[in-house]
Amino acid sequence: MREVVVIGAGMTKFGELWNKSIRDIFVEAALKAIEDAGVDYIDSMYIGSMSPGLFTEQEHIGALMADYLGITPVPATRVESACASGGAAFRQAFLEVASGASNIVLAGGVEKMTDAEDVTAALATAADQEYEVYQGITFPGLYALIARAHMHQYGTTRKQLAEVAVKNHRNGAKNPNAQFGFEVTLENVVNSTMVADPLRLLDCSPVTDGAAAVIVASAEVAKNIKKDFVRVIASAQASDTIALHSRESFTKLGSVVKAAEKAYRMAGIKPKDVNLVEVHDCFTIAEIVVSEDLGFFEKGKGGEAVEQGLTSIEGGKIPINTSGGLKSKGHPVGATGIAQIIEVYEQLLGKSGARQVKNARIGMTQNMGGSGASCVIHILEVK
Ligand code: COA
């Protein structure tokens, strides 16, 4: 396999972008990434998008975006893996460059969710329709079951869930692209509107419009284009049962454990070598469970870790979600995996301003679909 690097990045602000269409926001992010990379061509393009058909009644967005970007006949493919669509698109770009089939590939993600009539129902199509959704459960409901099981099994507390939201909003307040870039207190979280017991409004990622794009290139080609780039030292993906009830445990995400094992092996590193990680905190409990399943904390200790400040930028053992995470930055589902890559890319290049992690050299992204049926992990390194 050839060495693969990231040489440019661009994203829109996340939020309710009511005056822009899905094509406008994708093209905005893609042009920013192309300009940042300083390339004058791309060989192909992958676009993560969970459900443009249900959210905006527009399918076939690979060709649509190539057309509006003015780059036809470049091959352009939509990649779908629910909320892990962005991570999966990045992985396709990585594999295409690593294989030698292409030298420069754009990996993007886009979702325009706020126009949809019933976002909750559209999102729920990523769960098991027959065994879960037809019985009335939604994603907040599924993650509430995970939260209850974790609280019961490990003594995770309501306050510890809230600490995740407080930390992520603190980080997001320093991110100009964040949808909800303001701080919240523990009291705000525990008194916010109940969504699915024990998860409240401020435990949930929001409904978001947004797009993000990065330029992936072979290291050989990149050397002639840019001085500062970041190496992709691992790309791994795994799946699990789509229905929560089919799993051995509600409190362990098997796809995360498997993908992490593969990623650490490919990169030749251990969890202690990672300087920062962007995880898929679609709900506060997800960050706690994932921080354990990635091997940063012993099983059951993720809640204590956030409470003790071990995941904060300010002196934490492993800063988690420096961007503000899905909670504060927003979660335009198909774009999320790419936005995670952008945060790590910028952190490793020392471009993260007020939320910079000092001496960051290795960063990880963990993007998942549904209640963890798909998981994509990448590890990036700067020399
Ligand atoms: N965090 C912080 N504030 C939020 C928020 C969130 N997640 N979601 C909405 N808000 C704010 C809104 O800005 C609004 O504020 P305002 O009254 O000052 O204008 C207020 O809360 C109510 O917003 P509204 O859009 O009416 O909320 P809602 O009840 O329709 O939706 C959720 C709230 C939590 C149900 C919705 O955001 C949701 O479904 N989130 C989960 C998305 C999801 O499942 N993603 C996939 C994960 S696998």
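Our structure's up above, just so we're on the same page.
Thresholds, definitions, all that
- Residues numbered from 1 in each chain as written.
- Predicted model: local features only at pLDDT ≥ 70, side-chain atom pairs only at ≥ 80, totals over all residues.
- Heavy atoms only, no water.
- Salt bridge = Lys/Arg side-chain N within 4 Å of Asp/Glu carboxyl O.
- Helix = DSSP H or I, 4+ residues; strand = E, 2+ residues; numbered from the N terminus.
- Buried < 20%, exposed > 50% of the residue type's maximum accessible area, 1.4 Å probe, protein only.
- Near = heavy atom within 4 Å.
- Polar contact = N/O pair within 3.5 Å; in protein donor to acceptor, adjacent residues only side chain to side chain.
- Areas by Shrake-Rupley, 256 points an atom, 1.4 Å probe, with all protein chains shown as cover.
- Nonpolar A, V, L, I, M, F, W, Y, C, P; charged D, E, K, R; others polar.

Quick word on the pattern of salt bridges
Part 1 of the argument: One pass over the full model with this rule turns up 26 salt bridges.
Part 2 of the argument: Residue K159 is joined to E307 by a salt bridge in which the shortest nitrogen-to-oxygen separation is 3.0 Å. Separated by 148 residues along the polypeptide, K159 in helix α7 (residues 158–172) and E307 in helix α12 (residues 302–307) bring together distant segments of the chain.
Part 3 of the argument: For K159, a relative accessible area of 39% gives the class partly exposed.
Part 4 of the argument: You can call E307 partly exposed: its relative accessible area is 32%.
Part 5 of the argument: Here K329 and E278 are joined by a salt bridge, their closest N and O atoms 4.0 Å apart. Of this pair, K329 sits in helix α13 (residues 325–329) while E278 is found in strand β9 (residues 276–278), placing the two residues 51 residues apart along the sequence.
Part 6 of the argument: Classification of E278 by relative accessible area gives buried; the value is 1%.

Let's talk about the site of the ligand
Part 1 of the argument: Every one of the 14 residues lining the ligand counts as a neighbour, but F180, C204, S205, P206 and K327 are closest to it.
Part 2 of the argument: One of the backbone N or O atoms of P206 is found 3.4 Å from a nitrogen atom in the ligand.
Part 3 of the argument: Compared with its free state, where it exposes 920 Å², the ligand has 58% of that area covered by protein.
Part 4 of the argument: Looking at the shell around the ligand residue by residue, the classes come out as 11 nonpolar, two polar and one charged.

What to know about unusual backbone geometry
Part 1 of the argument: Along the chain, T72 connects to P73 via a cis peptide bond; the corresponding omega equals 10°.
Part 2 of the argument: Mapped onto the secondary structure, P73 falls in the loop between α3 (61–69) and β3 (76–79).
Part 3 of the argument: Between D197 and P198 the backbone carries a cis peptide bond, its omega angle lying at 15°.
Part 4 of the argument: When you line up the elements, P198 lands in the loop between β5 (194–196) and β6 (199–200).
Part 5 of the argument: Of note, the phi angle at H60 is positive, near 60°, even though the residue is not glycine.
Part 6 of the argument: Among the structural elements, H60 can be located in the loop between α2 (52–56) and α3.
Part 7 of the argument: Its relative accessible area of 62% is what places H60 among the exposed residues.
Part 8 of the argument: In this structure, N321 takes a positive phi of about 55° despite not being glycine.

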